[in-house]
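Listed below are the residues making up each chain.
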Amino acid sequence: MSHFSYRDGVLHAENLPLNALAKQFGSPLYVYSKAALTANFSAYADACKKAGRTENGDNGGALICYSVKSNSNLAVLNVLGKLGSGFDIVSGGELLRVIAAGGDPRKVIFSGVGKGRDEMRLALQHDILCFNVESIPEVHRLNEVAGEAGKRARISLRVNPNVDAKTHPYISTGLKENKFGVAYEDALACYRDAAALPNIEVVGIDCHIGSQLLDDAPLLEALDKVIELIDQLESEGIAIHHLDIGGGIGITYDDEQPVPVGDYLGRLFARVEAWRKEKYAGRAIKVMFEPGRSIVGNAGVLLTEVQYLKHGETKNFAVVDAAMNDLMRPALYEAWHGVQVVQQRQDAARTYDVVGPVCESGDWLAHSRELAIEPGDLLALMSAGAYGMTMASNYNTRGRAAEVLVDGDKAHLIRKRENPADLFALESIAG
Ligand SMILES: *Cc1c(COP(=O)(O)O)cnc(C)c1O
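Bear in mind that the values here come from a model prediction, so they are computed numbers and not experimental data.

Peer 1: Sorry, what's going on with the packing of helix α2 (residues 34-50) against helix α9 (residues 261-280) here?
Peer 2: Packed helix pairs are specified by the crossing angle of their axes together with the interaxial distance, meaning the distance between the axes. Viewed as axis vectors pointing N to C, α2 and α9 meet at an angle of 30 degrees, and their least axial separation amounts to 9 Å. Of the two possible hands of crossing, α2 and α9 adopt the one that is right-handed. Of the residues in α9, those in contact with Ala43, Tyr44, Ala47 and Cys48 of α2 are Val261, Gly262, Leu265 and Phe269.

Peer 1: Please explain the domain arrangement of the chain as it appears in this structure.
Peer 2: Often the size quoted for an interface is simply the accessible area lost on bringing the parts together. According to the domain assignment, the chain consists of domain 1 (4-32 + 297-423) and domain 2 (35-292). Taking the mean C-alpha position of each, domain 1 and domain 2 sit 33 Å from one another. Listed as interface residues are 20 residues of domain 1 and, on the opposing side, 21 residues of domain 2. Around 1700 Å² of area is buried between domain 1 and domain 2 when both sides are counted, 57% of it from carbon and sulfur atoms. The largest share of the area that domain 1 buries against domain 2 comes from Tyr333, Trp336 and Tyr387, three residues that together contribute 31% of it. At the surface where domain 1 touches domain 2, the tally comes to zero salt bridges. Where domain 1 packs against domain 2, one counts 10 residue pairs in polar contact (both at pLDDT 80 or more). Counting only elements with at least two residues in the side of domain 1 that touches domain 2, the list comes to α11 (329-333), β20 (402-407) and β21 (410-415). Counting residues per element, the side of domain 1 that touches domain 2 draws most heavily on α11, which supplies three residues.

Peer 1: Help me understand the pairing of strand β11 (residues 200-206), please; the structure alone is not making it clear to me.
Peer 2: Every regular strand shows the same layout, with side chains that alternate between the two sheet faces. The buried fraction of β11 amounts to six of the seven residues, a majority that puts the element mostly inside the structure. Pairing analysis gives six bridges linking strand β9 (residues 153-160) to β11, with the strands arranged parallel. The residue of β11 that forms the bridge with Arg154 is Glu201. Bridge count between β11 and strand β12 (residues 242-244): three bridges; the pairing is parallel. In the strand pairing of β12, Asp206 is matched with Asp244. In this region the chain leaves β11, passes through helix α8 (residues 217-235) and returns to the parallel neighbour β12; the handedness of that crossover is right-handed.

Peer 1: Can you walk me through unusual backbone geometry in this structure?
Peer 2: Trans peptide bonds make up the majority, and among non-glycine residues the majority have a negative phi. Along the chain, Ser27 connects to Pro28 via a cis peptide bond; the corresponding omega equals -5 degrees. Mapped onto the elements, Pro28 comes out in the loop between α1 (18-25) and β4 (29-33). Even without a glycine there, the phi angle at Asn162 is positive, about 55 degrees.

Peer 1: When you look at the site of the ligand in this model, what are you seeing that I'm missing?
Peer 2: Close to the ligand lie 14 residues; Lys69, Ser211, Glu290, Arg293 and Tyr387 are nearest. In this structure, His208 approaches the ligand through a side-chain N or O atom, which is 3.5 Å from a nitrogen atom. One of the backbone nitrogen or oxygen atoms of Gly292 is found 2.9 Å away from an oxygen atom of the ligand. Compared with its free state, where it exposes 390 Å², the ligand has 94% of that area covered by protein. Among the residues forming the shell around the ligand, the class breakdown is two nonpolar, seven polar and five charged.

Peer 1: Looking at this model, I keep getting lost on the pattern of salt bridges. Mind explaining?
Peer 2: Two side chains that carry opposite charge are able to pair once their charged atoms sit near each other. Counted by the stated rule, this structure contains 23 salt bridges. A salt bridge links Asp347 to Arg345, with the nearest nitrogen and oxygen atoms 3.8 Å apart. Arg345 sits in the partly exposed class, given a relative accessible area of 33%. A single salt-bridge network, built from bridges that share partners, covers Arg53, Glu273, Arg276 and Lys277.

Definitions and cut-offs
- Residues numbered from 1 in each chain as written.
- Predicted model: local features only at pLDDT ≥ 70, side-chain atom pairs only at ≥ 80, totals over all residues.
- Heavy atoms only, no water.
- Axes fitted to C-alpha atoms, helices over the stretch in contact; angles between N-to-C directions.
- Helix = DSSP H or I, 4+ residues; strand = E, 2+ residues; numbered from the N terminus.
- Left-handed = near helix turned anticlockwise from the far one by under 90°.
- Contact = heavy atoms within 4.5 Å.
- Domains from an automatic or database assignment.
- Buried area = accessible area lost by both parts, 1.4 Å probe.
- Salt bridge = Lys/Arg side-chain N within 4 Å of Asp/Glu carboxyl O.
- Polar contact = N/O pair within 3.5 Å; in protein donor to acceptor, adjacent residues only side chain to side chain.
- Buried < 20%, exposed > 50% of the residue type's maximum accessible area, 1.4 Å probe, protein only.
- Pairing = 2+ DSSP bridges.
- Right-handed = clockwise from strand over helix to strand, strands pointing away.
- Near = heavy atom within 4 Å.
- Areas by Shrake-Rupley, 256 points an atom, 1.4 Å probe, with all protein chains shown as cover.
- Nonpolar A, V, L, I, M, F, W, Y, C, P; charged D, E, K, R; others polar.

See below:
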């Protein structure tokens, strides 16, 4: 069930008409549905439960670590934390957000190829669950920082299983030529090296092969490779307590049909259980996931108001008040977002390119859409909940949009609109 639907010709978020929200909070405006967030998280949680993987079960249970970079608003993190979510972070800033949102740092895993010393110290101070280490120099630095802090850092090595996720090159991360993780062939040597360090405790293994995957076959292929590696590690006396298969399940932007989360997790747990029972019966091996887009992507829209219509000889443009600085995905990866009118009109539709006010030809939000619109009308850019606001910038000295979380018939302002003075408040004139 979609949590964004038309009632009497007006697009609603849950029980609230989007035109009323734009009137109250202004435009452009990100609007999220709490029910959608909850339903998307529950698809993971329910599948774990169905497979007999409760949080601290004897088999090791399961932990869903929401990928904070997909949408890091405190209110979003708070909703997910209350549902029992852990968090996958990629910076010290994201850890501080999780804590500010009431999330549990002991359910935090720290990914990323470039962790700084300060970030490591901060994460150690908060006793996070695990560092997902992406290189040998990183594990040596972490050993040093942990030693100085008088701690042992729990680590997992991000291995690169060299499977093709068959997605956009910018969001494919599991191939050899990629900057992420340790090559599969080098993983054993890296683990031996890490296991010998005094302030490092090897606890897990992880991978993340890409994003917006519609099929789970590459994920299951990656799982098989991870399992193979665990067997090799165990035979050398390096015990693995969790396996983390990353995020990556895609969502429907247009007509894509991603594998349902429950089906994917069902197949994954069946393989994991068969293997665990055969080789490590009685041992707990936790299974972890790092979903982002599939939790929050379809739980949000970006509202924008039509400013001008330009009817040209070869093209019509709808100039709107949102731009590439608000939603970068089209400019960055030629991503496709659905465009829906908030209030339906009976007039004839024309074909428009929906573009923003930013001074770049790459500043477009949608190409060639049939729309019946007039200046002043509102449009909703659909499926904008993931990698929307978190990628927003202040290019052209544009304040970032406000964000609203809808819960039934209540709307909560969860981030105020930035005003121009905020944008240069940290600057000063030289001399
Ligand atoms: C971005 C990212 C994710 C989330 O990916 P989605 O496709 O949004 O599910 C998970 N793990 C890591 C390491 C990431 O960088």
